[in-house]
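# Chains, contacts and geometry: an overview
Take a look at the letters that make up each chain.
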Amino acid sequence: MKITGAEALIKSLLLEKVEVIFGYPGGAIMPVYDALYHYQDKIKHILVRHEQGAVHAAEGYARISRKPGVCFTTSGPGATNLVTGIADAMMDSVPLVCITGQVASSLLGSDAFQETDVIGITTPITKWNYQIINAQEIPEIISKAFYIASKGRPGPVVIDITKNAQIEELDYKPKKIFIEKLEKTNKLEKNKLKEIAEIINSSEKPLIVAGHGVLISNAENELNIFSKKAKIPIAVTLHGVSSTNKDNPYYVGMVGMHGNYAPNVLTNEADLLLGFGMRFDDRVTGKLDRYAKNAKIIHVDIDASEHNKNVKTYFPVLSDLKYFLKNILPYIKSKNRKNWIEKFKQLDEIEKKYEKKRYKKYENKITSDLVIKKLSELTKGKAIVVADVGQNQMFAARYYDFKLNNSFISSGGLGTMGFSLPASIGAKIASKNDVYAVVGDGGFQMTIQELGTIMQEKLPIKILILNNQYLGMVRQWQELFFSKRYSFTYLKNPNFIQIAQGYNIQSKKINKKQDLEKELKKFIKSKKPYVLEVMVEAEHNVFPMIPAGNAVDEIRLE
Amino acid sequence: MKYQINIIAENQQIVVYRIINLFLKKKIFIEKIEANFNEKENFSKILIIIKNLNQNMIETTIKQINKIIEIKKINYKKIL
C-alpha cells in the first residue's frame, strides 16, 4: 500500500503506542500535520504556545507515564526552541522523541528559509539523532528512535525529516527494530552477588543513596524491601525524592547541597555507600576529594560510563537496579545497626532545632516552607508536585511529604527555570492524580504563555506561585557570599491575578498568614485550573546548605 | 600520556562529528584523527591519537565514546 511519508510517520507512532503529541505546526512540518488531521481520533495533539513548552510537557508526560514523550515542531526556530528541553532531558535521563520538520533535501545547506542544522545543534545533547531525507527510511528510523530513547539509560532522540520525505510516497510496512548493542546487560553471577552481599553484610555503617534510577527501573518496592531486610538507612537525591518515603523507618532524608543535615554529614562517616541509580553529581558530592572517604562505594548503574566518572568506586555494578535488587536480596542478612541509625536521629534533632528557631523568627510571616508543609498536609502527600528551579524547588522537595511513588518532578541536572508550568501539563495528561506546579515568580514568567495551553485543554492543574519578588536562590547566594549585593535579582512583577483572569483561569492572591489555610483548601478543592499566588517572605533562605566547593560535612545550618 | 584509540563504526558521516564533539566538550586535545570508509563491508575504521590524559580520564572517555549508537567496537592502547 502506497502512503505518504507523513502518514507513514503517524502510523509508525501508532505502532509505538503513542497516545499524545505535544507540538506546534509550521511550514516545514505541514505535511505531517495534514496527515495527523486524519488520525485525530487515535492520537491526541496538544497545541502549546511555544516549542519549549512542548518539550517540557513531553518531559513531564514521559516522567509520569514512564513512556517516551513525543513532540512535533517545524524547522528553524521551531527546532531551536526545543534545545533547552532536549538538554534538560539529556541531563535527567528522560526518554523523548522529538520530530522536527526540515527544508526539502534539495535545499539543505543553502541557507533556505527556516533552515538550521538541527543535527549539528542537537548532537551534543541527544542520545541519538538522525536526519531522514527520503520517505522509505521512516518506519525503520522511527522504531529505532523509540527503542533508543527508552532502552537502558533513557534519553532524548531527535529525528529531523526533510519536507520532501514527508510528501513522497512509500510502500509502508510496519517495522520493529532492536539494537544488539543496547540489549547487552550484565549477567549477575552468583559468586559476584555473594561477594557484593558479603561487603554489605559485613558493613557497620552503610548508607544507601537512591537516585532517579530507582524510579526509571520501577524499583521502589525492591528498594524498600532491601533496606528493611538489611536495616540500612536510605538517603535520596533530588530526583530520588519520591522513590521512598517516611513510612519506611530507614528513610533518612535528602542528600546534596540543600539536603538534610544528617545524611550529608554521615556520608563522611559511612563505611559503605550504596549508590543506587544515581550519578554522584557535584550538587550531591560537594567537594569531591572530601566525599565519603571512609566508605567503600558500590555503584549500581545501567550506564557504564557513570562508573568511576566522579568518585572512585570499589565495586561498579552494571545493571538495571530492579534486577540487581531482586537478585541480591536472598544473600542479604539482617543486621542490627541500631547505633548507626540512632546517629541519623540525633543529627536530625539538631536540624529540627534550627528549623524551630527559623519558625520563631518568621512566626507571623508566610514562608515558602510553611506553604509547602500546609499543602502537603492538606493533600495528605498524595499529589504530583512539579517544581520549578531554585528555592521553590528545594522547599518542594524537602517539605512535601511524598506518599506516591514517582510523584516529584523537577529539572535537576540542567536546572531549567520555566520547567514547571509546561511539565505539569504533560504530568496531568499522563496521570489521574492531582498535579501541583510549584513555581517562583521568576520561573513562572519564563514559560507563562503555557497558561494558554492549560486554558484550551481545560487541564485542572493547580499552579502555586511562591512570590518573593526576587530570583530567590540567586538572591540567597548574594546574601551569603556576595555581601548582600543584590545585583539584578529584584523583580518588578506584573499582576499575575489579572494575567490568569485573561486566560479565564481562576486565581487568588494572598499575603496574610491567617488566609493561608483557608485559601489553600479552596485551591485544592477546585476541579478547574487555579492560580494561587502566595506572597512569601522575601529574604528567607533555604537551609541546610553546602556552600559550593565545600565538603558534605561542612554543611551550614543557618 | 599518549593513547591510540581504534574504532569500528557504522558507515555514517555523523560518527566522526559525534566523537569530535565529545573531545571538544571534555577539552581533550586530538593529535591525529583518521577515518577510512569501507564501502564494500559497510563500516568505517577510525583511528585517533590523543594526549595529556590520565588513566581514569581515558577509561571514562572510552566508555562515553562507546555510548555513541553507531559505534560497533572500540579499544585503546598506551603508545608513549
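Think of each chain on its own: its residues are numbered from 1, step by step along the sequence as written. Written order determines the labels here, with chains lettered from A and ligands numbered from 1. In keeping with the predicted nature of the model, local features appear solely for residues at pLDDT of at least 70, side-chain atom pairs appear and are counted solely at 80 or more, and the whole-chain, interface and lining totals rest on all residues. Excluded from the side-chain calculations are hydrogens and water; all other atoms, namely the structure's heavy atoms, are used.

### Looking at the sheet that holds strand S2 (residues 30–38) of chain B
Residues and elements named next belong to chain B. Two strands are counted as paired when DSSP detects at least two bridges linking them. Comment: elements are numbered from the N terminus, with helices defined as DSSP H or I runs of at least four residues and strands as E runs of at least two. What the 4 strands build is an open sheet, ordered S2-S3-S1-S4; its pairing is antiparallel. A strand with exactly one partner marks an edge of an open sheet, and here the two such strands are S2 and strand S4 (71–78). Between one strand and the next, the sheet's axes are offset by a mean angle of 10°, whatever the strand orientation. Strand direction decides the pairing type here: S2 and strand S3 (residues 43–51), joined by 8 bridges, are antiparallel. Residue pairing in the sheet places Lys-32 in a bridge with Ile-49 of S3. We call two residues in contact when some of their heavy atoms are within 4.5 Å. Here the axes come from fitting lines to C-alpha atoms, over the contacting stretch only for helices, and the angles between their N-to-C directions go from 0 to 180 degrees. Where helix H1 (residues 14–25) meets the sheet, its contacts fall on strand S1 (2–10), S2, S3 and S4, and the angle it forms with S3 comes to roughly 20°.

### So, the interface of chain B and chain A
Of the residues lining the interface, 16 residues belong to chain B; the matching set on chain A comes to 19 residues. Put simply, buried area is how much 1.4 Å-probe accessible surface two parts lose in total, over both of them, once they are put together. Counting the surface chain B buries against chain A, the share from its top three residues, B:Arg18, B:Lys63 and B:Ile69, is 41%. Any Lys or Arg side-chain nitrogen located within 4 Å of an Asp or Glu carboxyl oxygen qualifies as a salt bridge. The interface formed by chain B and chain A holds 1 salt bridge in total. Between B:Lys67 and A:Asp303 there is a salt bridge whose closest N-O contact spans 2.6 Å. Polar contacts, as used here, are pairs of N or O atoms within 3.5 Å; protein pairs need one atom able to donate a hydrogen and one able to accept it. Residues neighboring in sequence count only if both atoms are side-chain atoms. Our enumeration of links across chain B and chain A arrives at 11 residue pairs in polar contact (both at pLDDT 80 or more). The set of elements that each furnish at least two residues to the side of chain B that touches chain A consists of H1 and helix H2 (55–66) of chain B. In terms of residue count, the dominant contributor to the side of chain B that touches chain A is H2(B) (5 residues). Think of it as three bins: nonpolar holds Ala, Val, Leu, Ile, Met, Phe, Trp, Tyr, Cys and Pro, charged holds Asp, Glu, Lys and Arg, and polar takes everything else, Gly as well. Looking at side-chain class alone, the side of chain B that touches chain A contains 5 nonpolar, 6 polar and 5 charged residues.

### Quick notes on the sheet that holds strand S18 (residues 462–467) of chain A
For sheets, the rule is that strands pair by backbone hydrogen bonds, running either parallel or antiparallel. Residue and element names in this part refer to chain A. Reading across the sheet, the 6 strands line up as S16-S15-S17-S18-S20-S19 and stay open at both edges, with parallel pairing between neighbours. Of all strands in the sheet, those with a lone pairing partner are strand S16 (408–409) and strand S19 (506–510), marking the two edges. Two elements, strand S15 (residues 384–387) and strand S17 (residues 435–440), share 4 bridges in a ladder whose sense is parallel. Note that in S17 the partner of Ile-384 across the bridge is Val-435.

### Observations regarding helix H7 (residues 138–150) of chain A
Residues three or four positions apart in an α-helix share a direction because the helix packs 3.6 residues into each turn. Residue and element names in this part refer to chain A. A helix is expected to reach a length of 1.5 Å times the quantity of its residues less one. Over its 13 residues, H7 runs 19 Å from end to end, which matches the ideal 18 Å to within 8%, given 1.5 Å per residue. Burial here depends on accessible area, computed with a 1.4 Å probe over protein chains only, as a share of the maximum for the residue type. Under 20% is buried, over 50% is exposed, and the range in between is partly exposed. When you tally the buried positions in H7, you get 11 out of 13 residues, the bulk of the element. Every buried residue belonging to H7 is among Ile-138, Pro-139, Ile-141, Ile-142, Ser-143, Lys-144, Ala-145, Phe-146, Tyr-147, Ile-148 and Ala-149, and all of these are buried. Phi turns positive, to about 65°, at Gly-152, one or two residues after H7.

### With respect to the packing of helix H12 (residues 220–230) of chain A against helix H15 (residues 321–328) of chain A
Residues and elements named next belong to chain A. Packing of H12 against H15 leaves a shortest axis separation of 9 Å and a crossing angle of 35°. Every pair of crossing elements has a handedness; the one defined by H12 and H15 is left-handed. For the pair H12 and H15, the contacting residues are Glu-222, Leu-223 and Phe-226 in the first and Lys-322, Leu-325, Lys-326 and Ile-328 in the second. When its residues are assigned to classes, the contact of H12 with H15 shows 4 nonpolar, no polar and 3 charged. Whether a crossing is left-handed or right-handed is set by the direction in which the near helix is turned from the far one by less than a right angle, anticlockwise for left-handed and clockwise for right-handed.

### Topic: the state of the cysteines
Cysteine sulfur pairs qualify as disulfides if the two atoms are within 2.5 Å. Taken as a whole and assessed by the stated rule, the structure comprises 0 disulfides over all chains. We note that A:Cys71 lacks a disulfide partner, and the nearest cysteine sulfur, in A:Cys98, lies 3.5 Å from it.

### Some thoughts on the domain arrangement of chain A
All names here are of chain A. Domain borders in the structure are assigned automatically or taken from a domain database. Here chain A is partitioned into domain 1 (2–183), domain 2 (190–344) and domain 3 (363–535). One C-alpha centre belongs to domain 1, the other to domain 3, and the line joining them spans 30 Å. The interface is formed by 25 residues belonging to domain 1 together with 28 residues belonging to domain 3. Each partner contributes to the roughly 2100 Å² buried at the junction of domain 1 and domain 3, and carbon and sulfur atoms together form 63% of this total. When the buried surface of domain 1 facing domain 3 is broken down by residue, Arg-49, Arg-63 and Ile-64 rank first, second and third, together holding 31% of it. Scanning the region where domain 1 abuts domain 3 turns up 1 salt bridge. Glu-457 serves as the salt-bridge partner of Lys-44, at 3.9 Å between the closest nitrogen and oxygen.

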